[in-house]
Amino acid sequence: MNKTNENSLNILLFLCNWGAHAAFLNLQDEQRPIPDEIRMVRTPCTGRIDRAMMLKAFAKGADGVAVVGCEPGTCRYGSGTATSVRNTGDMQHILDLMGLGGERLRFAAFLPEQSEDMLTFLQDFTADIRKLGHAGIETLPPPPIADTAQRKEELQQLVTNFDIHACQDCGKCSSACPLALVGKAFSPRAIASAVITGGIHAPGVRENAWSCLTCGLCYDRCPSAVNFPAFIKDLRHLYRQSELSGQEVHGGFFHSLMRSLTSPAVKPRRWAGLPEDIRIDPHSTTLFYGGCAPYYDIFFSKHSDVATSTILVDSLRLLNFFDVTPRLLEDERCCGHDLLWSGDKENFSRLARLNVDRLHELGIETVITTCPECFMTLHTTYAEQGFEPQFNVIHLYDFLEEQIDKGAVCFEPLDRTITFQDSCRLGRLENRADLPRKLLKRLKPVRFTEMKESGGASICCGNCAWTGCDAYSKAMQVKRLEQVHATGSDLLVTACPKCQIHLKCAMEDPFRREQLGIEMMDLTSIIAQTIRWE
Amino acid sequence: MSTPANNIQTEIIVTGFGGQGIILAGRILGMSASLGDNKESTLVQAYGPESRGGACNAQVIISETPIHYPYVNAPHILMALSQAGYEKFTPALRADSILLVDQDLVQPQEVPCDHFAIPATRMAENLGNKMMANIIMLGFCTAITKVVTTESIQATIAETVPKGTVERNIEAFNKGFDYGLSTLKGRERRAAGQTGAMV
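Nothing here was measured: the structure is a model prediction, and the numbers come from that model. (Residues numbered from 1 in each chain as written. Chains lettered and ligands numbered in written order. Predicted model: local features only at pLDDT ≥ 70, side-chain atom pairs only at ≥ 80, totals over all residues.)

Caption draft 1: Geometry of the overall build of chain B. In terms of regular secondary structure, chain B is built from six helices and six strands. If you list the helices and strands of chain B from N to C, you get β-α-β-β-β-α-β-β-α-α-α-α. For chain B, whose C-alpha radius of gyration is 16 Å, the value lies close to the compact-globule estimate of 16 Å for 199 residues. Projected onto its principal axes, the C-alpha positions of chain B cover 50 × 40 × 35 Å. Buried residues in chain B amount to 47% of all 199 residues. In chain B, the share of contacts with a sequence separation of at least 24, taken over all contacts with a separation of at least 6, comes to 61%. (Helix = DSSP H or I, 4+ residues; strand = E, 2+ residues; numbered from the N terminus. Rg over C-alpha atoms; globule rule 2.2 N^0.38 Å. Buried ≥ 20, exposed ≤ 12 C-beta atoms within 10 Å, placed from the backbone. Contact = placed C-beta atoms within 7 Å.)

Below is the structure:
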């Protein structure tokens with residue numbers, strides 16, 4: 001409405017329809033000087049402006065966001081104000097991590113008669129944002145819609161690239177697929193047939209392609225070695241080009257986050273608040289790449305008490321234990337795994353380019369990571385996609401196995417009975433299911449029992465790339481947790497922060513909390529807690 | 001800890017069962033010192049009927065100056081791969097000697113000097129051949145006592161072991177060497193009060 005030129009700032013004002021909007025109307029009626037940069041969006045309740053929407057506002061070019069609702073106690077819906085305070089609080093932390101600064105987001109509450117107070121608030125906020133300047137997020141425009149002929153050609157290319165015609169229609173994939181086994185009308189084989197016969201835009205096929213876990217179990221079983229997960233990855237990219245949007249879960253929060261991080265001007269402050277005893281060397285050529293755990297912890301603290309950042313701290317402790325003082329990338333971005341696997345190849349490429357260039361510029365020779373998705377992406381995908389990384393990528397488990405194998409370290413007894421949830425990226429897609437097991441065998445738990453389906457046959461935690469979560473995902477997680485309990489273990493060891501998040505979510509079931517609940521701990525943390533010099 | 005390498009003359013006894021490669025280990029040590037490190041060395045090998053499984057030992061002297069008498073009275077370094085050998089030579093140890101044992105084969109009791117243990121035979125089995133336990137012990141010994149240089153002993157191993165097994169033997173040596181370094185580091189850490197990864 002008031003936009004004067006290209007360089008002017010964008011401040012988005014989410015305004016509650018009830019109390020606060022009346023105050024705003026007064027300001028407008030009396031032609032009070034509302035700052036030009038402010039664009040108002042009227043909403044029924046600020047409690048409904050969730051964190052994904054706030055982030056999306058920034059991802060789409062807002063430089064500041066004000067959420068203005070009603071005084072606590074005057075909320076028409078009871079809990080709207082409290083919800084909004086909590087949401088804005090979370091988002092401020094996220095914005096701090098992203099390096100944008102939590103002060104770009106503000107919550108305030110006004111009664112209808114407090115219009116002058118509101119004006120002061122808006123003017124102060126605008127003045128602050130003017131001082132901060134542009135947030136600097138430049139997102140790619142959505143991909144141009146490909147014409148039909150081009151689409152057909154790309155589809156043909158997909159069929160050739162992945163040799164879909166090699167599919168023998170044997171159905172081994174469907175009989176192994178964990179989604180199909182919990183009853184979802186899902187069949188990798190049917191998707192393959194649909195692709196060959198040109199029916200990929202049938203609703204069922206489309207839905208299937210977005211809910212695929214890309215866990216790789218079907219690829220493992222396929223007698224013709226059709227690389228189904230990679231095929232789904234490219235099929236999703238094709239879908240995105242023809243306007244069919246993906247089913248991004250959590251309101252698209254994580255996708256907005258990753259897309260925002262593709263802007264070179266955004267400089268995250270990723271490692272604030274690290275414990276003081278962690279030793280870091282800002283000049284080392286060995287870099288520890290953390291991954292997105294801190295963002296997850298803030299986002300999911302609303303639902304459950306996951307603390308996946310401890311995995312990163314424990315990883316650093318273990319590196320220090322073995323005399324490695326790694327460098328940390330203060331402005332570390334996402335590796336882009338989830339963008340690529342949800343079909344957003346364009347933004348993935350921007351992230352990958354930024355990451356690879358940054359690591360080269362710093363002269364990094366070795367990257368150590370503990371996140372299986374970061375590992376696969378940095379180690380394998382970047383090279384596959386032609387980004388030519390000149391650094392060596394090793395998983396923390398490889399580093400630990402090598403060091404522990406040198407001897408003179410031992411493990412304290414762990415007074416727990418344990419079982420292990422494989423990460424699909426490390427276990428199957430990278431074919432390293434043996435790696436965590438080597439370490440598990442070194443531990444001294446009361447007992448280590450494998451689940452019914454483990455190693456290469458392991459079942460996914462229920463979701464991948466933040467897409468297509470539904471009731472079947474939940475059913476699958478419940479099935480997995482039942483397998484966990486069937487081992488009689490009292491501690492579930494995980495190797496991926498997302499496994500913890502997803503399985504924890506399934507445990508929140510209010511009717512089955514007793515049967516499904518079990519403590520979880522990452523393998524890295526267990527090692528960090530029990531390792532000793534002999 | 002005084003390292004024997006500082007002394008003018010270092011006396012070493014390698015002991016174990018016949019067939020463990022005890023004599024070969026002694027030979028490699030002596031050859032590395034004389035051929036690689038330009039020192040003097042002697043080797044006295046004691047076996048006989050023992051080479052069919054009884055106790056045997058190799059006595060090595062490494063010196064900066066010519067050696068006049070090749071027998072070892074009080075070893076600076078005792079490398080024991082059998083309980084019998086360990087018991088036979090322990091009384092001869094001095095307070096500043098260093099005892100190195102295979103922890104699965106030898107149970108040291110009331111050792112008068114500093115001692116280090118390594119599961120050499122088990123490690124060799126994991127590498128696929130328990131005959132390499134002696135080479136692992138050499139790696140361990142090199143790391144801890146620095147009695148010979150790594151380069152010269154690796155060169156000697158490469159020349160001494162049967163053709164076609166050089167790579168595996170060097171790997172075994174490195175295993176033992178890494179274990180030794182790790183052991184020293186662990187000691188240092190424990191002494192500094194840091195035992196685990198958590199603070």
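Caption draft 2: Region of the structure containing the domain arrangement of chain A. If you check the domain split of chain A, you get domain 1 (11-132), domain 2 (148-241), domain 3 (264-401) and domain 4 (409-533). Computed from C-alpha coordinates alone, the two centres of domain 1 of chain A and domain 2 of chain A are separated by 44 Å. (Domains from an automatic or database assignment.)

Caption draft 3: Fine view of unusual backbone geometry. At A:Gln31, a position not held by glycine, the phi torsion is positive, near 50 degrees. Relative to the helices and strands, A:Gln31 resides in the loop between helix H1 (19-29) and strand S2 (38-43).

Caption draft 4: Seen up close, the sheet that holds strand S3 (residues 55-63) of chain B. Residues and elements named next belong to chain B. If you walk across this open sheet you meet the six strands as S2-S3-S1-S4-S5-S6, and the pairing is mixed. Since the sheet does not close on itself, it has two edges, and those belong to strand S2 (40-46) and strand S6 (114-118), each with one partner. Taken pair by pair, the neighbouring strands of this sheet meet at an average axis angle of 15 degrees, ignoring direction. Across four bridges, strand S1 (residues 9-17) lies against strand S4 (residues 77-80) in parallel orientation. Directly across from Ile13, in S4, lies its bridge partner Leu78. Across the sheet, helix H4 (residues 133-145) is in contact with S4, strand S5 (98-102) and S6; its angle to S5 comes to roughly 150 degrees. (Pairing = 2+ DSSP bridges. Axes fitted to C-alpha atoms, helices over the stretch in contact; angles between N-to-C directions.)

Caption draft 5: Examining the interface of chain B and chain A more closely. Taken together, the contact pairs 13 residues of chain B with 14 residues of chain A. Here the side of chain B that touches chain A takes seven residues from helix H6 (residues 166-191) of chain B, the largest share from any one element. Within the side of chain B that touches chain A, the residues separate by chemical class into five nonpolar, five polar and three charged. (Nonpolar A, V, L, I, M, F, W, Y, C, P; charged D, E, K, R; others polar.)

Caption draft 6: Representation of the confidence of the model for chain A in the model. Chain-level pLDDT for chain A is 91 on average; 98% of the residues reach the 70-or-more range. Per-element confidence in chain A is highest for strand S7 (residues 366-369) of chain A, whose mean pLDDT is 97, and lowest for helix H5 (residues 148-161) of chain A, whose mean pLDDT is 83. (pLDDT = per-residue confidence, 0-100.)

Caption draft 7: The sheet that holds strand S11 (residues 444-448) of chain A, seen in detail. All names here are of chain A. The four strands lie next to each other as S11-S10-S12-S13, forming an open sheet whose pairing is parallel. At either end of the open sheet lies a strand with only one pairing partner, and these are S11 and strand S13 (519-522). Averaged over all neighbouring strand pairs, the angle between strand axes comes to 45 degrees, with direction disregarded. Pairing of strand S10 (residues 413-421) with S11 involves four bridges; the strand directions are parallel. Residue pairing across strands places Thr417 opposite Arg447, the latter belonging to S11.

Caption draft 8: Representation of the environment of B:His76. Among the secondary structure elements, B:His76 is positioned in the loop between S3 and S4. Along the backbone, B:His76 and B:Val199 are 123 residues apart, and their C-alpha atoms lie at a distance of 38 Å.

Caption draft 9: Seen up close, the confidence of the model for chain B. All names here are of chain B. For chain B, mean pLDDT is 89; residues scoring 70 or higher make up 93% of the total. By mean pLDDT, helix H2 (residues 83-89) is the weakest element of chain B at 90, and H4 is the strongest at 95. The low-confidence segment residues 1-6, where pLDDT is below 50, has 14 contacts with residues more than four positions distant or belonging to other chains. Quick note on the complex model: pTM equals 0.89, ipTM equals 0.79.

Caption draft 10: Broad picture of the packing of helix H5 (residues 150-160) of chain B against H6(B). Residue and element names in this part refer to chain B. With their axes 9 Å apart at the nearest point, H5 and H6 run at an angle of 145 degrees to one another. Relative to H6, H5 is oriented so that their crossing is right-handed. Taking contact as the criterion, the partners of Thr150, Gln154, Ile157 and Ala158 in H5 are, on H6, Val166, Asn169, Ile170, Phe173 and Phe177. Each residue belonging to the contact of H5 with H6 can be placed in one class, and the counts come to six nonpolar, three polar and no charged. (Left-handed = near helix turned anticlockwise from the far one by under 90°.)

Caption draft 11: Here's a closer look at the environment of B:Val199. Looking at where B:Val199 falls in the secondary structure, it is placed in the segment after H6. C-alpha separation for the pair B:Val199 and B:Met79, spaced 120 residues apart in sequence, amounts to 36 Å.

Caption draft 12: Quick look at H5(A). Residues and elements named next belong to chain A. With 14 residues, H5 should reach 20 Å at 1.5 Å per residue; the first-to-last C-alpha distance of 20 Å fits that figure. Across the 14 residues of H5, one count as buried, placing the element largely on the outside. With its phi angle positive at about 50 degrees, Asp163 sits one or two positions after the end of H5. (Expected span 1.5 Å × (residues − 1).)

Caption draft 13: Geometry of the nonpolar core. Core analysis: the biggest nonpolar cluster contains 212 residues, and A:Val68, B:Leu100, B:Ile136, B:Met137 and B:Phe140 have the highest contact counts within it. Here this core gets nine residues from one element, more than from any other, and that element is H4(B). Those residues within four positions of A:Val68 in sequence are excluded, and the remaining contacts are A:Leu13, A:Phe14, A:Leu15, A:Cys16, A:Ala20, A:Ala108 and A:Phe110. (Core = buried A, V, L, I, M, F, W, Y, C linked by C-beta atoms within 7 Å.)

Caption draft 14: Quick look at the packing of helix H3 (residues 120-127) of chain B against H6(B). All names here are of chain B. Where H3 meets H6, the axes come as close as 11 Å, and the angle between the chain directions of the two elements is 140 degrees. Our classification of the angle between H3 and H6 gives oblique. The handedness of the crossing between H3 and H6 comes out as right-handed. Residues Ala120, Met123, Ala124 and Leu127 of H3 pack against Arg168, Glu171, Ala172, Lys175 and Gly176 of H6. (Parallel < 35°, antiparallel > 145°, perpendicular 65-115°, else oblique.)

Caption draft 15: Local environment of the pairing of S3(B). All names here are of chain B. Burial analysis of S3 places eight of its nine residues in the buried class, which makes it a mostly covered element. Examined bridge by bridge, S1 and S3 share nine bridges and lie antiparallel to one another. Bridged to Phe17 within S3 is Ala55.

Caption draft 16: Inspection of the pairing of S10(A) at higher detail. Pairing between S10(A) and strand S12 (residues 491-494) of chain A: four bridges, direction parallel. Pairing of A:Thr419 across the sheet is with A:Leu492, part of S12(A).

Caption draft 17: Representation of helix H4 (residues 115-132) of chain A in the model. Residues and elements named next belong to chain A. Here H4 contains 18 residues, and its C-alpha end-to-end distance of 26 Å stays within 8% of the 26 Å for a straight helix at 1.5 Å per residue. Buried within H4 are the following residues: Ser115, Met118, Leu119, Leu122, Phe125, Thr126 and Ile129. Down the axis of H4, the buried set is contained in an arc of 135 degrees. They therefore lie on one face. Looking at H4, the residues exposed on the side facing more than 90 degrees away from the buried face are Thr120, Ala127 and Lys131. Against strand S1 (11-16), H1, S2, strand S3 (64-69) and strand S4 (105-109) lie the buried residues of H4. Phi turns positive one or two residues past the end of H4, at Gly133, with a value near 80 degrees. (Arc of directions from axis to C-beta.)

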